[in-house]
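Structural overview
Chain by chain, the residues run as shown.
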Amino acid sequence: MKVQENISLRPYNTFGIDAKARYFAKFKDIDELEELTTHGSRLTTLILGGGSNILFTKDYDGFVLKNDITGIEELHEDSEYVYVKAGAGENWHHFVLYCIERNWGGLENLSLIPGNVGASPMQNIGAYGVELDDVFNSLEAYHFHDKKLITFTKADCEFGYRDSVFKKKFRDQFVILTVTFQLRKKPIFHTSYGAIEPELERMGVKELSIKAISNAVINIRTSKLPDPKLIGNAGSFFKNPVVEIDKCQSLQSKFPGIIAYPVAGNRMKLAAGWLIDQCGPDKTGTSWRGFRKGDAGCYEKQALVLINYGNATGKEIYSLSEEILLSVKEKFGVILEREVNIF
Ligand code: EPU
């Protein structure tokens, strides 16, 4: 366990932003974490997982601690579920594949999401009709100041759309150490989300399996979303906004192509990608999609994803996001919220 000074965080964030950390260290268990937090107790601290949902707009003048807790353990099973505990530092997709190989169902729709296990409950990751919430059992987290290990049940986490207590009332208070999942021994297939069935058909799948769904999701994601290993990005930059039903109806009458889905509370969720796609940098009708200014850009196949072509700064990406936000506000009167954490 080594503390480094003034190191570049470029390898530790999928946006590939070259910001510096004043101090940096990795921990692989709770004892190392305790030692580091005692050592750096007067510094502001940032816990980093896979760095796949973060944008550094400046150097971090504090202590960056990278969570490297690994391990996957089958705890027990009952008639319906296998309970599997994974270290927060496990790569998410590696964990998904591990479970699929053992035919434990529930994670297949969440294949290929970048990042680590520890971040999954933080923002209740979701894709293709499934959210973390659906497979979550409990987690263990360490309270920085009380220096205590606490177990959170599903109810304790108060999951919402890309949301949990760790983004709200307990923000910056806990370090997630392990997550326990409940995975189905007899999988229930979720194929109703738009693109999945056509992809399964294209693949010529005769007998549905979690492996086939995982492969379909991998194909869809690869065709639509940029691979962070090749091009810097943090997935969806904004959340899909939720609006009141009358606001949605008035938008629908003005913009018949708008994409909207009903959600709880008699409200509607709008596809932010579509909204952004309809706006652009000027009044010529050019879309943000495919736009590039310096090395900051908006992905050509999915307007919700901002990208770093190489040497963009976090400030440049942020200011592009600000321009996009303003243009959407101006055209649709809808205020987008960033999904990515800004530092
Ligand atoms: N669309 C456009 N133009 C665009 C992008 C999208 O018209 O540039 C339209 C699409 O044609 C589609 C609709 O918008 O009809 C929704 O697009 P898509 O199915 O790609 O999903 P999304 O709402 O853009 C969400 C998640 C993704 C997740 C996908 C699939 C959020 C913020 N994003 O994207 O999650 O993979 O659904 O379930 O909820 C992430 O969080 O990082 C992420 C990638």
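Everything numeric in this text was worked out from a predicted model, so none of it was measured. (Residues numbered from 1 in each chain as written. Predicted model: local features only at pLDDT ≥ 70, side-chain atom pairs only at ≥ 80, totals over all residues. Heavy atoms only, no water.)

1. Notes on the packing of aromatic side chains
Tallying each qualifying case throughout the model produces 21 aromatic pairs. Centre to centre, the rings of Phe152 and Phe174 are 5.0 Å apart; their planes meet at 90°, and the pair counts as edge-to-face. Taken together, the residues Phe152 in strand β11 (residues 148–153) and Phe174 in strand β12 (residues 174–184) connect sequence positions 22 residues apart. A relative accessible area of 5% means that Phe152 is categorised as buried. Aromatic pair Trp288 and Phe291: ring centres 5.2 Å apart, planes at 90°, arrangement edge-to-face. Each member of the pair Trp288 and Phe291 is classed as buried. By the ring-pair criterion, three or more aromatic residues cluster together here, those being Phe152, Phe166, Phe170 and Phe174. (Phe/Tyr/Trp six-rings, centres within 6.5 Å; stacked < 30°, edge-to-face > 60°. Helix = DSSP H or I, 4+ residues; strand = E, 2+ residues; numbered from the N terminus. Buried < 20%, exposed > 50% of the residue type's maximum accessible area, 1.4 Å probe, protein only.)

2. Focus on the domain arrangement of the protein
What the domain assignment reports for the protein is domain 1 (4–67), domain 2 (72–224) and domain 3 (232–342). Centre-to-centre, using C-alpha coordinates, domain 1 lies 24 Å away from domain 2. Here domain 1 meets domain 2 over a buried area of about 1000 Å², counting both sides, of which 63% is carbon and sulfur. Counting the contacts that link domain 1 with domain 2 gives 0 salt bridges. Where domain 1 meets domain 2, there are 4 residue pairs in polar contact (both at pLDDT 80 or more). Listed by contribution, the elements that provide at least two residues to the side of domain 1 that touches domain 2 are α1 (30–39), β3 (45–48) and β5 (60–67). (Domains from an automatic or database assignment. Buried area = accessible area lost by both parts, 1.4 Å probe. Salt bridge = Lys/Arg side-chain N within 4 Å of Asp/Glu carboxyl O. Polar contact = N/O pair within 3.5 Å; in protein donor to acceptor, adjacent residues only side chain to side chain.)

3. Describing the site of the ligand
Around the ligand there are 24 residues in total, and Tyr128, Tyr161, Asn240, Gln302 and Ala303 lie nearest to it. Contact between the ligand and Tyr161: an oxygen atom at 2.7 Å from a side-chain N or O atom of the residue. One of the backbone nitrogen or oxygen atoms of Ala303 is found 2.8 Å away from an oxygen atom of the ligand. Looking at the shell around the ligand, the elements with two or more residues in it are β8 (126–127), α6 (210–224), β13 (232–236) and α8 (272–277). Tallying contributions element by element places α8 first for the shell around the ligand, with 3 residues. For the shell around the ligand, the per-class residue count stands at 11 nonpolar, 6 polar and 7 charged. When residues of the shell around the ligand are assigned to domains, at least three fall in each of domain 2 (72–224) and domain 3 (232–342). (Near = heavy atom within 4 Å. Nonpolar A, V, L, I, M, F, W, Y, C, P; charged D, E, K, R; others polar.)

4. Focus: the layout of surface pockets
In this structure, the second largest pocket spans a volume of roughly 560 Å³. If you trace the second largest pocket, you find 28 residues lining it, with Leu112, Pro114, Asp227, Pro228 and Lys229 closest to the centre. Elements with a minimum of two residues in the lining of the second largest pocket: α6 and β13. Per-class residue counts for the lining of the second largest pocket are 12 nonpolar, 12 polar and 4 charged. (1 Å grid on protein atoms, 1.4 Å probe; cavity = no way out; pocket = protein on both sides within 12 Å on 5 of 7 lines; lining within 4 Å. Points joined across faces, edges and corners; volume = space filled by probe spheres on them.)

5. With respect to the pairing of strand β10 (residues 136–143)
A large share of β10 lies buried, amounting to 6 of its 8 residues. For β10 and β12, the ladder comprises 7 bridges, and the chain directions are antiparallel. Bridge assignment links Glu140 to a residue of β12, and that residue is Thr178. Of the strand pairs in this sheet, β10 and β11 are connected by 6 bridges, and their pairing is antiparallel. When the bridges of β11 are listed, Ser138 appears paired with Thr153. Adjacent in sequence and paired antiparallel, β10 and β11 are bridged by 4 residues, among which Lys147 carries a positive phi angle near 55°. (Pairing = 2+ DSSP bridges.)

6. Quick notes on the sheet that holds strand β15 (residues 260–263)
Hydrogen bonds along the backbone pair up the strands of a sheet, which may run parallel or antiparallel. Strand order in this open sheet of 3 strands is β14-β16-β15, and the pairing throughout is antiparallel. Of all strands in the sheet, those with a lone pairing partner are β14 (242–244) and β15, marking the two edges. If you compare each strand with its neighbour and ignore which way they point, the axes differ by 40° on average. Across 3 bridges, the pairing between β14 and strand β16 (residues 267–270) is antiparallel. Note on β16: the bridge partner recorded for Val243 is Met268. Here helix α7 (residues 245–254) sits on the sheet and contacts β14, β15 and β16; the angle it forms with β14, its principal contact strand, is near 95°. (Axes fitted to C-alpha atoms, helices over the stretch in contact; angles between N-to-C directions. Contact = heavy atoms within 4.5 Å.)

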